[in-house]
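# Secondary and tertiary structure notes
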Amino acid sequence: MIEARQLTKRYGEKTAVDRLDFEVKPGMVTGFLGPNGAGKSTTMRLIIGLDAATSGSVTVNGRRYARHPAPLQEVGALLEARSIHPGRTAFDHLMVLAHTHGIPRRRVAEMIELTGLQSVARKRAGSFSLGMGQRLGIAAALLGDPATVMLDEPVNGLDPEGVLWIRNLLAGLAAEGRTVFVSSHLMAEVALVAEHLIVVGRGRLLADTTVHDLVRQAGGDTVAVATADPARLRVALAGPGVEITGRAGSEELWVSGLSARQIGLAAAEHGVALFELTPKQVSLEEAFMDLTRDAVEYHGGVTKGAAA
Amino acid sequence: MSTITQARTPGVAAGPVARPAYKVTGRRVLRSEWAKLWTLRSTWITLGLGLVAILAFGSIAAFRYKSLTTTGGRMDPDFADATAVSLTLFGVRFGQLALGVLGVLFAAGEYSTGMIRSTLAAVPRRLPVLWSKAVVYGVVAFVVGVAGAFGGFLIADAVVSGTPAHMSLSDDGVVRALLGAGLYLGLVGVIGAALGVLLRSVAGGISVLVATLLLVPGLLSLLPSSWQNNIGPYLPSNAGESLYALHHSTGMLSAGTGALVLLGWTVLALAGGAYRLVRKDA
């Protein structure tokens, strides 16, 4: 469980994280979404105390990260920036971190196996490809058997096999009851693994929602219907929770709250001929872009006003 | 919840249930820093270079002295009242560069590679990392320094046997001077590590270290002589010299005072490093 309360980080004039309030709940994958520069990486650095908050607070299981006796057991983090000495072997890198917590050598070997690094464990990390470096970072993140796993853009630059591996890993970790917090600027990627979503833009919280709700809000379950007699169809479809829009003089209507199947059946019952019956496909990417675009413009204005 | 157990990722030990009790302790951070030092190739290379520098330059000085005395050539003022100890410690000036630079690398290298993020995620209280680095590297540099000083003495003394410079380990002050040289190198190593944490840059740390040890004493000669006499002895390099000198000329601190002054510089560097480490984002 991660809780942020009015979390704020300013670097000089620039506000990277702006009064964020959110909770990352245990036992599920929470996606942390936002365009590049939205403050995702900074928020993650604040969570594990690499950066100090300008104001507000963020706690892990009720305490600040640094106050835990075994921090690596609370949060295992894979940061976007490389955090490995290139001159050390993969095994030595993990051992160095294991020593600080008294984590046994056996656990290090297990993590090497889990991440498939057996054949390169004795090679220096500087020679690693991006994908292998990422696997080593994940081995380090899981080393302390953490209750919360936090990954910053874990699939960036990975090949399809690596992406799939990460996806399965995240699902497996959540199924074990761990809190999984994963950031991305790619909505599609997050939607595949995450149940819950926290969306940020320019350091501000834009949405704290589920994948399902986000799609619905963006008009994901609208059906486009075309008919010669829109007025009669409106009457036929009217009901609680149903919303119908359309331009005057146009044969096309937009219906939300009913499935294409329900609309078709209702039209047949009332003897209204349909020319078109198309469920509108809103891509998650579009939903996300709409959300962030609006908010960025809106908050842009506010920021200027506040600065003056 | 049988589904949960079934979906467990192979190899990841039990999650929130029955987790082993790990804990960060001072000893463990020390152990980690010890492992960090020895798992890099640069450590072995630089320590080797440092040891070789101490032995080689001491030997060169001894051979030079020997050839001057046997041929009866005009004695350099440097060599006028040389002893086996002073010839040996010729090499310390070179060895201190290698050992000091490795101290900087050991600390600032974490920042240049990004390793510091892993380190501070594991030890978010941060200060234990600095103390452990200082202790681990200080001890290692001390041991290498002592080995170099005693090894160098044995070589140099063998070379100059039969000349006025000959001394034995049992002579008054010899062991103290050689141990003093080791202590000086150990403290220079700690100062290097502290500078690395303070400046977070390999280049910056090395520059400041070299400037402090080699350039500042030279620049001091530009100041009025009363200033030179009052400030000079307290510079790290000069305080160190009084720590390992066999005979103390006028204007030099005593060995004990020199040790305290050098210790003071070390504490100052560590305090600066600690402040930056705790107060500034990593």
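Residues numbered from 1 in each chain as written. Chains lettered and ligands numbered in written order. Predicted model: local features only at pLDDT ≥ 70, side-chain atom pairs only at ≥ 80, totals over all residues.

## Comments concerning the overall build of chain A
We count it as follows: Strands here mean DSSP runs of E at least two residues long; helices mean DSSP runs of H or I at least four residues long; both are numbered from the N terminus. Buried residues are those with 20 or more other C-beta atoms within 10 Å of their own C-beta, exposed residues have 12 or fewer, and partly exposed residues lie in between; C-beta atoms are placed from the backbone. Contact between two residues is assigned when their C-beta atoms, built from the backbone, lie within 7 Å.
When you go through chain A residue by residue, the secondary structure sums to eleven helices and 13 strands. C-alpha extents for chain A along the principal axes are approximately 75 × 50 × 35 Å. The buried share among the 308 residues of chain A stands at 46%. Taking contacts inside chain A between residues at least 6 apart in sequence as the whole, the part at least 24 apart equals 69%.

## Re the overall build of chain B
Along its length, chain B carries twelve helices and zero strands. Taking the principal axes of its C-alpha atoms as reference, chain B extends roughly 95 × 40 × 30 Å. For chain B, the proportion of its 282 residues judged to be buried stands at 48%. For chain B, the share of sequence-separated contacts (at least 6 apart) that also reach a separation of at least 24 residues comes to 80%.

## Considerations on helix α1 (residues 40-47) of chain A
Each α-helix turn comprises 3.6 residues. Residues three or four places apart therefore point the same way. Residues and elements named next belong to chain A. Taken across its eight residues, α1 has eight buried, putting it largely inside the fold. Buried within α1 are the following residues: Lys 40, Ser 41, Thr 42, Thr 43, Met 44, Arg 45, Leu 46 and Ile 47. Following α1 by one or two positions, Gly 49 adopts a phi angle in the positive range, close to 75°.

## Some words on the interface of chain A and chain B
Cut-off, in case you're wondering: Think of it as three bins: nonpolar holds Ala, Val, Leu, Ile, Met, Phe, Trp, Tyr, Cys and Pro, charged holds Asp, Glu, Lys and Arg, and polar takes everything else, Gly as well.
Taken together, the contacts link 46 residues of chain A with 38 residues of chain B. For the side of chain A that touches chain B, the elements supplying multiple residues, two or more each, are α2 (71-74), α3 (90-101), α4 (105-114), α5 (130-142) and α6 (160-175) of chain A. Of the residues forming the side of chain A that touches chain B, the biggest block, seven residues, is contributed by α3 of chain A. Its residues assigned to classes, the side of chain A that touches chain B shows 25 nonpolar, twelve polar and nine charged.

## Comments concerning the nonpolar core
Selection criterion: By our criterion, buried Ala, Val, Leu, Ile, Met, Phe, Trp, Tyr and Cys residues that link up through C-beta atoms within 7 Å make up a nonpolar core.
Of all hydrophobic cores here, the largest spans 163 residues; its most connected members are Leu 94 and Leu 143 of chain A. Take this core: its biggest share by element is 17 residues, from helix α8 (residues 174-199) of chain B. Val 225, Leu 233, Leu 237 and Ala 267 of chain A belong to the second largest nonpolar core, which has ten residues in total.

## Quick word on the environment of Val 159 of chain B
All names here are of chain B. Tracing the sequence through the fold places Val 159 in helix α7 (residues 127-159). Given 23 C-beta atoms within a 10 Å radius, Val 159 is considered buried. Excluding residues that lie within four positions of it along the chain, Val 159 makes contacts with Ser 59, Ala 62, Phe 63 and Lys 66.

## Thoughts on the packing of helix α3 (residues 41-71) of chain B against α7 of chain B
For any two helices packed against each other, one specifies the crossing angle of their axes together with the interaxial distance. Residue and element names in this part refer to chain B. For clarity, the threshold we go by: Fitting a line to C-alpha atoms yields each axis, with helices limited to the stretch in contact; the angle taken between N-to-C directions then spans 0 to 180 degrees. Each angle receives one of four descriptions, namely roughly parallel if under 35 degrees, roughly antiparallel if over 145, roughly perpendicular if within 65 to 115, and oblique otherwise. We call a crossing left-handed when the near helix sits turned anticlockwise from the far one by less than a right angle, and right-handed when that turn is clockwise.
Between α3 and α7, the shortest axis-to-axis distance is 9 Å and the interhelical angle comes to 25°. Considering their axes alone, α3 and α7 lie roughly parallel with respect to each other. The element α3 and its partner α7 pack so that their crossing is right-handed. Residues Leu 47, Gly 50, Leu 51, Ile 54, Leu 55, Gly 58, Ser 59, Ala 62, Phe 63 and Lys 66 of α3 form the contact with α7, whose own contacting residues are Val 144, Ala 147, Gly 148, Ala 149, Gly 151, Gly 152, Ile 155, Ala 156 and Val 159. Class assignment for the residues of the contact of α3 with α7 results in twelve nonpolar, six polar and one charged.

## Notes on the pairing of strand β12 (residues 252-256) of chain A
Two faces, one strand: in a regular strand the side chains alternate between the faces of the sheet. Residue and element names in this part refer to chain A. To be explicit about the condition: Any two strands with at least two DSSP bridges between them are considered paired.
The alternating pattern of β12 places Leu 253 and Val 255 on a buried face and Glu 252, Trp 254 and Ser 256 on a face that is not buried. Note that strand β10 (residues 222-227) and β12 share five bridges and pair antiparallel. Each bridged residue has a counterpart across the sheet, and for Ala 224 the counterpart in β12 is Trp 254. Pairing of strand β11 (residues 243-246) with β12 involves four bridges; the strand directions are antiparallel. Its bridge partner being in β12, Glu 243 is matched across the sheet by Ser 256. The hairpin turn running from β11 into β12, its antiparallel successor, is five residues long, and Gly 249 in that turn takes a positive phi close to 80°.

## Comments concerning the domain arrangement of chain A
Just so we agree on the cut-off: The domain limits used here are those given by an automatic or database domain assignment.
Looking at the assigned domains, one finds that chain A contains domain 1 (2-216) and domain 2 (221-279). Placing the centre of domain 1 of chain A and that of domain 2 of chain A at their C-alpha centroids yields a distance of 46 Å.

## Some remarks on the sheet that holds strand β2 (residues 14-24) of chain A
All names here are of chain A. Sheet architecture is open: three strands sit in the order β2-β1-β4, paired in antiparallel fashion. Only two strands of the sheet have a single neighbouring strand rather than two, namely β2 and β4 (55-60). This sheet shows a mean twist of 20° between the axes of neighbouring strands, independent of strand direction. For strand β1 (residues 2-11) and β2, the ladder comprises seven bridges, and the chain directions are antiparallel. From the neighbouring strand, Glu 3 faces β2, where its bridge partner is Glu 23.

## Describing the confidence of the model for chain A
Residues and elements named next belong to chain A. Our working rule: Known as pLDDT, the predictor's confidence for each residue is given on a scale from 0 to 100.
Of the residues in chain A, 93% have a pLDDT of 70 or more, and the chain-wide mean is 87. No element of chain A has a lower mean pLDDT than helix α11 (residues 284-307), which averages 57, and none a higher one than α3, which averages 97. Taken together, the stretch residues 297-308 has pLDDT below 50 and engages in two contacts with residues farther than four places along the chain or on a different chain.

## Details of unusual backbone geometry
Residue and element names in this part refer to chain A. In this model, Glu 153 sits at a positive phi of 50°, which is unusual for a non-glycine residue. On the secondary structure map, Glu 153 appears in the loop between β6 (148-152) and α6. For Glu 153, a count of 22 C-beta atoms within 10 Å corresponds to the buried category.

## Examining α3 of chain A
To keep things clear, this is the line we draw: What a helix should span is 1.5 Å times the count of its residues minus one.
Taking 1.5 Å per residue as the helical rise, α3 of chain A with its twelve residues ought to reach 16 Å, and the 18 Å between its terminal C-alpha atoms agrees with that figure. Buried residues dominate α3 of chain A, accounting for twelve of its twelve residues. Here the buried face of α3 of chain A lies against α2, α4 and α5 of chain A together with α2 (26-38) and α6 (115-122) of chain B. Once α3 of chain A ends, the next one or two residues include Gly 102 of chain A, with phi positive near 70°.

## Regarding the environment of Arg 64 of chain A
Residue position: Arg 64 of chain A is located in the loop between β4 and α2. Taking the C-alpha atoms as reference, Arg 64 of chain A lies 8.3 Å from Ile 48 of chain A; in sequence the two are 16 residues apart.

## Observations regarding the sheet that holds β10 of chain A
Residue and element names in this part refer to chain A. If you trace the four strands from one edge of the open sheet to the other, you get β11-β12-β10-β13, paired in antiparallel fashion. Every interior strand has two partners, whereas the edge strands, β11 and β13 (274-279), have only one. Averaged over all adjacent pairs, the angle separating strand axes in this sheet is 20°, with direction ignored. Across the sheet, helix α10 (residues 260-269) touches β10, β12 and β13, and the angle it forms with β13 is around 160°.

## What to know about the confidence of the model for chain B
When pLDDT is averaged along chain B, the result is 87; 91% of the residues meet or exceed 70. Note on residues 1-16 of chain B: pLDDT is under 50 here. Beyond four places in sequence and across chains, it has 25 contacts.

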